[in-house]
Amino acid sequence: MDLRLLVVAAALAISVSAGAAPVLAPPAAPGPEVQLYVHIPSGQIAIQHLRIIDGTGAAPIEDATLLIDGAKIGAILPAGSPIPAGYRTIDGTGETALPGLVGMHNHLYYLQRPNLDPSGKFEQPIIIPQMTFSAPRLYLANGVTTMRTTGSVETYTDLALKREIDAGRLVGPHLDVTGPYLEGTGAFFIQNHPISDPEDARKEVAFWADQGVNSFKAYMNISRAELGAAIKEAHRRGLKVTGHLCSVTYPEAVALGIDNLEHGFFVNTQLDPGKQPDKCSDGTGTPTLLKMAPGSPEANALIKLLVDKHVAVTSTLPVFAQSVPLHEPLQARQMDVMTPQAKEAYLFSRNLTASRAGTQRAKDFARAYKNDLGLERQFVAAGGLLIAGPDPTGNGGTIPGFADQRELELLVEAGFTPLEAIKIGTLNGARLLGRDARVGTIAVGKQADLVVINGDPSSNISDVRRVELVFKQGVGFDPARLIESVTGKVGLW
Ligand SMILES: [Zn+2]
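What counts, and at which threshold
Residues numbered from 1 in each chain as written. Predicted model: local features only at pLDDT ≥ 70, side-chain atom pairs only at ≥ 80, totals over all residues. Heavy atoms only, no water. Helix = DSSP H or I, 4+ residues; strand = E, 2+ residues; numbered from the N terminus. Rg over C-alpha atoms; globule rule 2.2 N^0.38 Å. Contact = heavy atoms within 4.5 Å. Lys, Arg positive; Asp, Glu negative; His and termini not counted. Charge placed at Lys NZ, Arg CZ, Asp CG, Glu CD. Salt bridge = Lys/Arg side-chain N within 4 Å of Asp/Glu carboxyl O. Buried < 20%, exposed > 50% of the residue type's maximum accessible area, 1.4 Å probe, protein only. Core = buried A, V, L, I, M, F, W, Y, C linked by side-chain atoms within 4.5 Å. Axes fitted to C-alpha atoms, helices over the stretch in contact; angles between N-to-C directions. Parallel < 35°, antiparallel > 145°, perpendicular 65-115°, else oblique. Left-handed = near helix turned anticlockwise from the far one by under 90°. 1 Å grid on protein atoms, 1.4 Å probe; cavity = no way out; pocket = protein on both sides within 12 Å on 5 of 7 lines; lining within 4 Å. Points joined across faces, edges and corners; volume = space filled by probe spheres on them. Nonpolar A, V, L, I, M, F, W, Y, C, P; charged D, E, K, R; others polar. Pairing = 2+ DSSP bridges. Expected span 1.5 Å × (residues − 1). Polar contact = N/O pair within 3.5 Å; in protein donor to acceptor, adjacent residues only side chain to side chain. Arc of directions from axis to C-beta.

Draft legend 1. Highlighting the overall build of the protein. When helices and strands are tallied, the protein shows 17 helices and 17 strands. Over its C-alpha trace the protein gives a radius of gyration of 21 Å, about what one expects of a compact globule, namely 23 Å for 493 residues. In terms of overall dimensions, the protein has a C-alpha envelope of 70 × 50 × 45 Å along the principal axes. The contacts in the protein between residues at least 6 apart in sequence include a share of 76% that link residues at least 24 apart. Across the protein, 44 positive and 50 negative side-chain charges occur, with their mean positions spaced 2 Å apart.

Draft legend 2. Just the pattern of salt bridges, in detail. Taken as a whole and assessed by the stated rule, the structure comprises 19 salt bridges. With a shortest N-O distance of 2.6 Å, Asp308 and Lys304 are connected by a salt bridge. Here Lys304 and Asp308 lie together in helix H9 (residues 297-308), a separation of 4 residues that amounts to about one turn. Residue Asp308 is classed as partly exposed on the basis of its relative accessible area of 43%. For Glu328, the salt bridge goes to Arg465, with nearest N and O atoms at 3.1 Å. Residue Glu328 is found in the loop between helix H10 (317-321) and helix H11 (332-336), and its partner Arg465 is found in the loop between strand E15 (450-454) and strand E16 (467-472); the two are separated by 137 residues along the sequence. Residue class for Arg465 comes out partly exposed when judged on its relative accessible area of 23%. Shared partners join several salt bridges into a network, and the residues in it are Glu199, Arg202, Asp210, Glu233, Arg236 and Arg237.

Draft legend 3. Here's a closer look at the nonpolar core. Of all hydrophobic cores here, the largest spans 114 residues; its most connected members are Phe216 and Phe265. The greatest single-element share of this core, amounting to 6 residues, is contributed by helix H13 (residues 360-381). If we skip the residues at most four places from it in the chain, Phe265 touches Tyr250, Leu289, Leu302, Ile303, Leu306, Val313, Asp372, Leu375, Glu376 and Phe379. If you look at the next biggest cluster of nonpolar residues, it comprises 17 residues, including Ile45, Ile52, Ala64 and Leu66.

Draft legend 4. The packing of helix H5 (residues 198-211) against helix H6 (residues 224-236), seen in detail. Remark: H5 packs on H6, axes separated minimally by 8 Å, with the N-to-C direction vectors making an angle of 30 degrees. Considering the angle they form, H5 stands roughly parallel to H6. By crossing handedness, the relation of H5 to H6 is classed as right-handed. Judged by residue contacts, Pro198, Ala201, Arg202, Val205 and Ala206 of H5 engage Ala225, Glu226, Ala229, Ala230, Glu233 and Ala234 from H6.

Draft legend 5. Structural detail: the layout of surface pockets. Space inside the largest pocket adds up to approximately 290 Å³. Lining the largest pocket are 23 residues, with Pro27, Ala28, Pro30, Lys472 and Val475 positioned closest to its centre. Tallied by class, residues from the lining of the largest pocket come to 15 nonpolar, 6 polar and 2 charged. Considered as a void within the structure, the second largest pocket measures approximately 220 Å³ in volume. The wall of the second largest pocket is formed by 16 residues, among which Ala321, Gln322, His327, Glu328 and Arg406 lie closest to the centre. For the lining of the second largest pocket, the secondary-structure elements that each account for two or more residues are H10 and helix H14 (402-413). Looking at the lining of the second largest pocket element by element, the count peaks at 4 residues for H14. Of the residues in the lining of the second largest pocket, the class split is 8 nonpolar, 5 polar and 3 charged.

Draft legend 6. Spotlight on the sheet that holds strand E13 (residues 312-315). What the 3 strands build is an open sheet, ordered E12-E13-E14; its pairing is parallel. With partners counted over all chains shown, the strands left at the sheet margins are strand E12 (260-261) and strand E14 (386-388), one partner each.

Draft legend 7. Inspection of the side chain of His327 at higher detail. In this structure, His327 sits in the loop between H10 and H11. Beyond its immediate sequence surroundings of up to four residues, His327 is in contact with Ala321, Gln322, Tyr346, Arg350 and Asn395.

Draft legend 8. Region of the structure containing H5. Between the first and last C-alpha of H5 there are 20 Å, a value that for 14 residues agrees with the 20 Å anticipated at 1.5 Å per step. Looking at the buried positions of H5, the neighbouring elements they touch are helix H4 (155-166), strand E10 (215-218) and H6. By the N-cap criterion, in which a side-chain oxygen at the helix start approaches the backbone nitrogen of a residue two or three places on, H5 is capped by Asp197, the distance to Glu199 being 3.1 Å.

Draft legend 9. Examining H4 more closely. Taking 1.5 Å of rise per residue, the 12 residues of H4 would be expected to cover 16 Å, and the 17 Å separating its terminal C-alpha atoms lies within 8% of that figure. Taken residue by residue, H4 has Thr155, Asp158, Leu159, Leu161, Lys162 and Ile165 as its buried positions. For H4, the angular spread of the buried residues around the axis is 155 degrees, confining them to a single face. On its buried face, H4 sits against helix H3 (134-141), strand E9 (174-176), H5 and E16. Just beyond H4, the residue with positive phi is Gly168, at close to 80 degrees.

This is the structure we're talking about:
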């Protein structure tokens, strides 16, 4: 299969419950497996001389004192305030606190192409092994404290992982588990139930909602009738539906009541030549994106529709950036967490993409990518809710956690300010999840879910790579130890 198509095909996600009450579990005491990675135990902690970016888009608070009181944020005090008795003090000079990232397209698996060779050929079936060990550690280590799985392959495993994390027995972020991909026949990976008709779609949603999933994600070969039945059942239960679409266009999905669309504007097929109703087009959305320049009548109409109907859009730039020839190389620390086989597969794909530099295909993709960046900005300017996640699939170069940081950098490259990018990566996701009363910003009374950065991402967004500490419900985790624990494991577990 064509690798670029695979990148598009591999990207996808789901959405979460918007019930009235926050759904997060109360903090459990870290068990022995979790204690290994705790740097600062829960308690009364005062971080002094800290810059705070609160996630609302507001200017940073300089030289503040942040009080963490157990699982919650106790106070934000101005410089020079006395520290209440009993607090452990930490010097935050030169450091910045951000809300924990809310990753909205954050899979817990890896994509294997059996017997991939340097020409890009491989054998079927594509297999998707779980990264239940490495992915949660990499997300947390890189500052992701809440995430949506946005399409699952082993849904029972993801649900069990969530229970174990919530119980303090395994280390990882707060999980919002998305059900299995809602997909018809023609799925590109084999571990998938092909939905046969609208009643089958309804039953699939009902079954997994009963098992405890928080959201659902439709995929590339679902019919309008099946998607409509799935949305109806999910909404009846207060759950949301997102989609990585192809067979159903964006306007069709909006008419059916979808809550969220994955992959920015890359996978809308409404203007693809030869698009047949209920069938995925050959172009999988690229021809539409090429015709939809920002500010064009087609773009304006679509964005108005999405904003009017309150449909959120998930930006997943890191996975698409992998298809740009000569895209930024992976950092050494990212290469270090991959298995030799995963590294080889990534380098084969990277080499192949580089060999296309200057071709018409590469030029078209570069123009489509640029159109998407402009449309994401136009959508936000029009009042749309843009959320963010990396989609760790594609050519293997989108690594959990590291790629969540890369998403923020790419949003800034797209023209958002660093503070806007951080808001998209924190508060906006929490809003879609219905968790914004507890997470998504640094505010008194909210959960102490935050990232302490060495540097100032409000002036240099790439400082988000320099994570010193990650607090989840007031427990401070050591990112270096977490990353060290998965050396050479991404692609295996
Ligand atoms: Zn995906």
